[in-house]
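These are the residues of each chain, in order.
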Amino acid sequence: MVVVSCRVLIVDWDIHHGQGIQYIFEEDPSVLYFSWHRFEHQRYWPSLRESDYDAVGRGKGEGFNINVPWNKVGMKNADYLAAFLHVLLPVAFEFDPELVLVSAGYDSGIGDPEGQMNATPECFAHLTHFLMHLAKGKLCAVLEGGYHLKSLSESVCMTIRTLLGDLLPSLSGEMKPCLSALESIHDVRAAHKSYWKCLSCEDLTPLKDLSTKLCQLGEGEGVQTSTPLMNQLGAGKTNRDEAAKTDKFLELHMKEVLSLEPPFKTAVAVAEGNADLLPSSVQIEMDGDSEELKAIVREFAAEFVKEEKVLNVLGNMLAVLEKIVNKKVTGGLVVSPEASISSALALKHCRNLGLQKVLCVCVGDMDMRTDLDDGKVLLINICGKQSEQANTKYRISLNWKEDAERSTFSSALFGFILPVAYSYQPDLMVIAVGSKQTLGPNGIALLFSFLQGLAQSRILAVIQNTEVQLLEAIAKPLTGDLTACFGTCAPASQENMRMVKGLQEQLQQEWNMLQCSVNVSVAER
């Protein structure tokens, strides 16, 4: 048995099961091994019983081996994303690795004749982005399989660009995991709930009747070592035709998802004294005295704007917002005396500028004045007190009680906020941090860092408190600094976990990425 002296996470997204790695480390609690792979009820190579979801490790290593078996081909971006959000990331943050190794096989990408999956190249950028926030950014991706050259090269390029700090393209496709993927995720969570606190609230048992198994009963029990055997000449022509179609699709697709990066990463509108606390690369915004912008401010909040100084602050905020929308900067940071008024004004101006979907995350006790009925704004309010308003599809209150010593917010982030945000796919995000916020700098840093993956990192941050730690927690992810510290992450309290579970159950039909289990019979499906 190999003994590892530090905690290592191995993520194997190659389409084949890494049974060799599993055998080496299955008794070692210092190595957490995660693999998704074609399994098809043990009909796909290596056709091993121990490639299934219930092979969790042995001895001291029980719980440290996670297999996500794909029982059908054609898995898409949403399926891969769901496996990360609902299985890997919660467990990985609890494990707290000191090093992340990626078995980076791209035969799990679109067009590959071995994998026969449909994940597009930008999906690997998002997966890499998630992993970069573990182990203080210590990540090594090792190239493995990949048998469609265009798909392989584009996927590798997406991974490298992400490692270099480039903007993430928006994730394409419908954000709805398929039934078979949900079945696999359900079984994995059920198998591991006794080993990980982040899954301990799950009232799950493994599924007995899988939809794919019923479909495959008539196909025979022969073992599939690779793609099905067929007439060699016919197979060659079919493969060439399929490869050419994928080549053409990817050529057009990558042009659609990729865009030029703005000349500046971040624009800020802060007091002169606070500017000294920010990185030198930010662009200081001083255009708030524009009469056009002042007129917009006066029209929206005349009763609030009593002083020229406040008028200039709000004008500067609109100037930063316009630069983000016009792609002159990626994101922006604004210090405002009243975060709720400022963010409401920003949302109104987003409508004036023609944005169709804006995600607004408010941290702290805020009274947001905005119309939320048409889907152009999705509001998530993270606060310490229970909201008097009932949750709806586009107005959601997250009553979160953070631990005073440890950061537990990752449970809400992976279990609720990110699934909803990825389901919504916003064009821009407004994140407002007001008074009485309960997350603390570590939770705020975690929120900003992971939301960077959406809307091509177009984030307007509006903050009310100019505490040094809070400014740094927000400025680091906005400026592309990957050294943000999240503190000691720990599972949430039972109360918080039940609250997240309740929101998942209430809203999973509205936001499909919240689905992480299957609790109905095959007949009911």
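That block above? That's the structure.
Below is a summary of the structure that appears in this document. (Residues numbered from 1 in each chain as written. Predicted model: local features only at pLDDT ≥ 70, side-chain atom pairs only at ≥ 80, totals over all residues. Heavy atoms only, no water.)

## Observations concerning the nonpolar core
Link 1 in the chain: In this structure, Phe84 and Leu451 are the most contacted members of the largest nonpolar core, which totals 110 residues.
Link 2 in the chain: In terms of residue count, the dominant contributor to this core is helix H2 (residues 77-95) (14 residues).
Link 3 in the chain: Those residues in contact with Phe84, other than ones at most four positions away along the chain, are Val11, Trp13, Phe34, Trp36, Leu89, Pro90, Leu127, Phe130 and Leu131. (Core = buried A, V, L, I, M, F, W, Y, C linked by side-chain atoms within 4.5 Å. Buried < 20%, exposed > 50% of the residue type's maximum accessible area, 1.4 Å probe, protein only. Helix = DSSP H or I, 4+ residues; strand = E, 2+ residues; numbered from the N terminus. Contact = heavy atoms within 4.5 Å.)

## Some points on the pattern of salt bridges
Link 1 in the chain: Counted under the stated rule, the structure contains 15 salt bridges.
Link 2 in the chain: Put simply, Arg58 and Glu26 hold a salt bridge, and the shortest N to O gap is 3.3 Å. You can see Arg58 sitting in the loop between strand S2 (31-38) and strand S3 (65-70) and its partner Glu26 sitting in the loop between helix H1 (19-25) and S2, a full 32 residues away along the chain.
Link 3 in the chain: One network of salt bridges, with partners in common, ties together Arg7, Asp96 and Glu98. (Salt bridge = Lys/Arg side-chain N within 4 Å of Asp/Glu carboxyl O.)

## Topic: the environment of Leu99
Link 1 in the chain: Along the chain, the position of Leu99 falls in strand S4 (residues 99-104).
Link 2 in the chain: Between the C-alpha atom of Leu99 and that of Val31, which follows or precedes it by 68 residues, the distance is 9.8 Å.
Link 3 in the chain: Non-local contacts of Leu99, meaning those with residues more than four positions away in its chain, are made with Arg7, Val8, Leu9, Ala135 and Lys138.

## Remarks on helix H14 (residues 468-478)
At 3.6 residues per turn, the α-helix brings residues three or four places apart onto the same side.
Link 1 in the chain: Looking at H14, one finds that the buried residues are Leu470, Leu471, Ala473, Ile474, Ala475, Pro477 and Leu478.
Link 2 in the chain: One or two positions beyond H14, positive phi appears at Gly480, with a value near 85°.

## Observations concerning the pairing of S4
Link 1 in the chain: Note: strand S1 (residues 8-12) against S4, 5 bridges, orientation parallel. Each bridged residue has a counterpart across the sheet, and for Asp12 the counterpart in S4 is Ser103.
Link 2 in the chain: Two strands pair when backbone bridges link them, and S4 and strand S5 (residues 139-143) are joined in this way by 5 bridges, in the parallel orientation. Bridge pairing in S5 places Val102 opposite Ala141.
Link 3 in the chain: Between the parallel pair S4 and S5, the chain is carried across by helix H3 (residues 121-131), and the sense of this crossover is right-handed. (Pairing = 2+ DSSP bridges. Right-handed = clockwise from strand over helix to strand, strands pointing away.)

## Notes on the packing of H3 against helix H4 (residues 149-163)
Link 1 in the chain: At their nearest, the axes of H3 and H4 sit 8 Å apart, and the two run at 30° to each other. Classified by the angle between their axes, H3 and H4 sit roughly parallel to one another. Taken as a pair, H3 and H4 cross one another with a handedness that is right-handed. Along the contact surface, H3 presents Pro121, Glu122, Phe124, Ala125, Thr128 and His129, while H4 presents Glu154, Ser155, Met158, Thr159, Thr162 and Leu163.
Link 2 in the chain: In terms of residue class, the contact of H3 with H4 is made up of 5 nonpolar, 5 polar and 2 charged. (Axes fitted to C-alpha atoms, helices over the stretch in contact; angles between N-to-C directions. Parallel < 35°, antiparallel > 145°, perpendicular 65-115°, else oblique. Left-handed = near helix turned anticlockwise from the far one by under 90°. Nonpolar A, V, L, I, M, F, W, Y, C, P; charged D, E, K, R; others polar.)

These figures come from the coordinates and say nothing about function on their own.
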